[in-house]
Amino acid sequence: MSILIDENTRVVVQGIGSQGTFHAARNQSYGTEIVAGVHPKKGGSTWEELDRPVYNSVAEAVDAEGANTSMIMVPAPFTKDAILEAYDAGIEVIVTVTEGVPVHDMAAVYNTLYPRRSDGSFQREGRPALIGPNCPGLISPGKANVGIIPSEITSPGPVGLVSRSGTLTYQIMHELNEAGVGVSTCVGIGGDPIVGSDFLDIIEGFARDPDTEAIVFVGEIGGTEEQKVGRWIAEHLPDMPVVAYVAGFSAPPGKQMGHAGAIVKEGGEGGETAADKQAALEELGIAVGTNPTETAEKMISALRR
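About the criteria used
- Residues numbered from 1 in each chain as written.
- Predicted model: local features only at pLDDT ≥ 70, side-chain atom pairs only at ≥ 80, totals over all residues.
- Heavy atoms only, no water.
- pLDDT = per-residue confidence, 0-100.
- Contact = heavy atoms within 4.5 Å.
- Buried < 20%, exposed > 50% of the residue type's maximum accessible area, 1.4 Å probe, protein only.
- Helix = DSSP H or I, 4+ residues; strand = E, 2+ residues; numbered from the N terminus.
- Pairing = 2+ DSSP bridges.
- Right-handed = clockwise from strand over helix to strand, strands pointing away.
- Salt bridge = Lys/Arg side-chain N within 4 Å of Asp/Glu carboxyl O.
- Axes fitted to C-alpha atoms, helices over the stretch in contact; angles between N-to-C directions.
- Polar contact = N/O pair within 3.5 Å; in protein donor to acceptor, adjacent residues only side chain to side chain.
- Parallel < 35°, antiparallel > 145°, perpendicular 65-115°, else oblique.
- Left-handed = near helix turned anticlockwise from the far one by under 90°.
- Nonpolar A, V, L, I, M, F, W, Y, C, P; charged D, E, K, R; others polar.
- Expected span 1.5 Å × (residues − 1).
- Arc of directions from axis to C-beta.

**Notes on the confidence of the model for the protein chain**
Piece 1. In the predicted model, the protein chain carries a mean pLDDT of 92, and 92% of its residues have values of at least 70.
Piece 2. Note on residues 259-263: pLDDT is under 50 here. Beyond four places in sequence and across chains, it has 27 contacts.

**As for the pairing of strand β2 (residues 33-38)**
Piece 1. Taken across its six residues, β2 has five buried, putting it largely inside the fold.
Piece 2. Here strand β1 (residues 10-14) pairs with β2 via five bridges, running parallel. Residue Val-13 lies in a different strand from β2, and its bridge partner there is Gly-37.
Piece 3. Remark: the β1/helix α1 (residues 18-30)/β2 crossover connection has right-handed handedness.
Piece 4. Bridge analysis of β2 against strand β4 (residues 52-55) gives two bridges, and the strand direction is parallel. Within β4, the residue paired with Gly-37 across the bridge is Val-54.

**Some remarks on the pattern of salt bridges**
Piece 1. Enumeration over the complete set of coordinates arrives at eight salt bridges.
Piece 2. Among the ionic pairs, Arg-26 bridges to Glu-152, the shortest N-O distance being 3.7 Å. Here Glu-152 lies in the loop between β9 (144-147) and β10 (156-163) and Arg-26 lies in helix α1, a separation of 126 residues in the sequence.
Piece 3. Taking relative accessible area as the criterion, Arg-26 reaches 33% and is therefore assigned partly exposed.
Piece 4. Through salt bridges that share partners, Arg-164, Glu-220, Glu-226 and Lys-277 make up one connected network.

**Here we look at the sheet that holds strand β12 (residues 214-220)**
Piece 1. Reading across from one edge, β9-β8-β11-β10-β12-β13-β14 is the order of the seven strands in this open sheet, with mixed pairing throughout. A single partner strand is all that each edge strand has here, and the edge strands are β9 and β14 (287-289). Within the sheet, the average angular offset between the axes of one strand and its neighbour, ignoring direction, is 15 degrees.
Piece 2. Helix-sheet contacts for α1 involve β8 (137-140) and β9, and the interaxial angle to β9 is about 175 degrees.

**Focus on the side chain of Thr-185**
Piece 1. Here Thr-185 lies in strand β11 (residues 183-188).
Piece 2. A distance of 3.1 Å separates a polar atom in the side chain of Thr-185 from the backbone nitrogen of Ile-3.
Piece 3. For Thr-185, the residues in contact, after removing those within four places along its chain, are Ser-2, Ile-3, Ile-139, Ser-140, Pro-141, Val-159, Gly-160, Leu-161 and Phe-206.

**Notes on the packing of helix α5 (residues 167-178) against helix α9 (residues 292-304)**
Axis angle and axis distance: for two packed helices, these are the angle between their axes and the distance between the axes, and together they describe the pair.
Piece 1. In the contact formed by α5 and α9, the axes pass within 9 Å of each other and the chain directions differ by 40 degrees. Accordingly, the angle class assigned to the pair α5 and α9 is oblique. Classified by chirality, the crossing of α9 by α5 is right-handed. Along the contact surface, α5 presents Leu-168, Gln-171, Ile-172, Glu-175 and Leu-176, while α9 presents Pro-292, Thr-293, Thr-295, Ala-296, Met-299 and Ile-300.
Piece 2. Looking at side-chain class alone, the contact of α5 with α9 contains seven nonpolar, three polar and one charged residues.

**Structural notes on the sheet that holds strand β7 (residues 129-131)**
Piece 1. Reading across the sheet, the seven strands line up as β3-β4-β2-β1-β5-β6-β7 and stay open at both edges, with mixed pairing between neighbours. Only two strands of the sheet have a single neighbouring strand rather than two, namely β3 (46-47) and β7.
Piece 2. In this structure, β3 lies alongside β4, joined through two bridges in antiparallel fashion. If you follow Thr-46 over to β4, its bridge partner there is Pro-53.
Piece 3. Lying on the sheet, helix α2 (residues 58-65) is in contact with β1, β2 and β4; it crosses β4 at an angle near 140 degrees.

**Structural notes on unusual backbone geometry**
Piece 1. At the junction of Gly-132 and Pro-133, the peptide bond is cis and its omega measures out at 10 degrees in the coordinates.
Piece 2. Here Pro-133 shows up in the loop between β7 and β8.
Piece 3. Even without a glycine there, the phi angle at Asp-51 is positive, about 55 degrees.
Piece 4. Judged by relative accessible area, Asp-51 falls into the exposed class, the value being 57%.
Piece 5. Residues other than glycine seldom take positive phi values, yet Asn-134 does so here, at roughly 55 degrees.
Piece 6. For Asn-134, the location among the structural elements is in the loop between β7 and β8.

**Quick word on α1**
Piece 1. Between the first and last C-alpha of α1 there are 19 Å, a value that for 13 residues agrees with the 18 Å anticipated at 1.5 Å per step.
Piece 2. Of all the residues in α1, the buried ones are Gly-20, Thr-21, His-23, Ala-24 and Asn-27.
Piece 3. Against β1, β2, β3, β5 (69-72) and β9 lie the buried residues of α1.
Piece 4. In the stretch just after α1, Gly-31 is the one whose phi turns positive, near 115 degrees.

**Observations regarding helix α8 (residues 274-283)**
Because the α-helix completes a turn every 3.6 residues, residues three or four places apart line up on one side.
Piece 1. By the burial criterion, the buried members of α8 are Ala-274, Lys-277, Gln-278 and Leu-281. On an axial view of α8, the arc spanned by its buried residues comes to 100 degrees, and they lie on one face.
Piece 2. Looking at the packing, one finds that the buried side of α8 touches β12, α7 (225-236), β13 (242-247) and β14.
Piece 3. Trailing α8 by a residue or two, Gly-285 shows a phi angle of about 90 degrees, which is positive.

Structure (structure tokens):
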């Protein structure tokens, strides 16, 4: 099995310019069912590169083609409206690859998709899964690929992989694959300050998936989300092999490193550095690699044990 996407995934692509077309064609050649493109001025035409229809809206693609997943590749200023259009159309999984989306736009999106309850928590049950923005998407090897993850570096297997980074994840997947270890689903959640699905959303999905037997999660400096996830894993998955990697051991406080959310606040309460996160996770019994290669090696060893 897998989580979020599988052989029944039907993708509509929002943003059918050069990049959207390039990656949608790669996804299609992998076997993903790309059912349509959306362009507000090209409805009724054919997306020639993929031989698929183009509709004026996502709602039309849902009604005509049964689309249940969207891949968003529109420019950053239009991403908020694209996400909300997919949400209004009833799309179940919204994959937002676009980077540079304004934080205030994502705040509005988040509060629309996940309204706040009276106790202050956000309602997520029964709501669409938003992956990203500023993410590589996700792949369930052998079933579907939605986004920009290179499919040739992985294969089906028992490891669930979730990451704030893209390229670091690719290296871990490749090294696992070279050792004959495949992946159930790999999800790149993105490294912006506000993203849709977080670590815990994805890891809870892995916990429910009978074919995911181990988990790798890749964090970064900034925030304390990794510690929160570690505590949940220690309580709910004490017998599952779990390995973490935290990027940014040499990052100085107050300097953004790569992703907009990868920053350790100067004068903060602590816990946001790579070393802080490593210490907290290891105290919870979770193995932590100091680089992608060591992370893959630790997972391979855990599976063999």
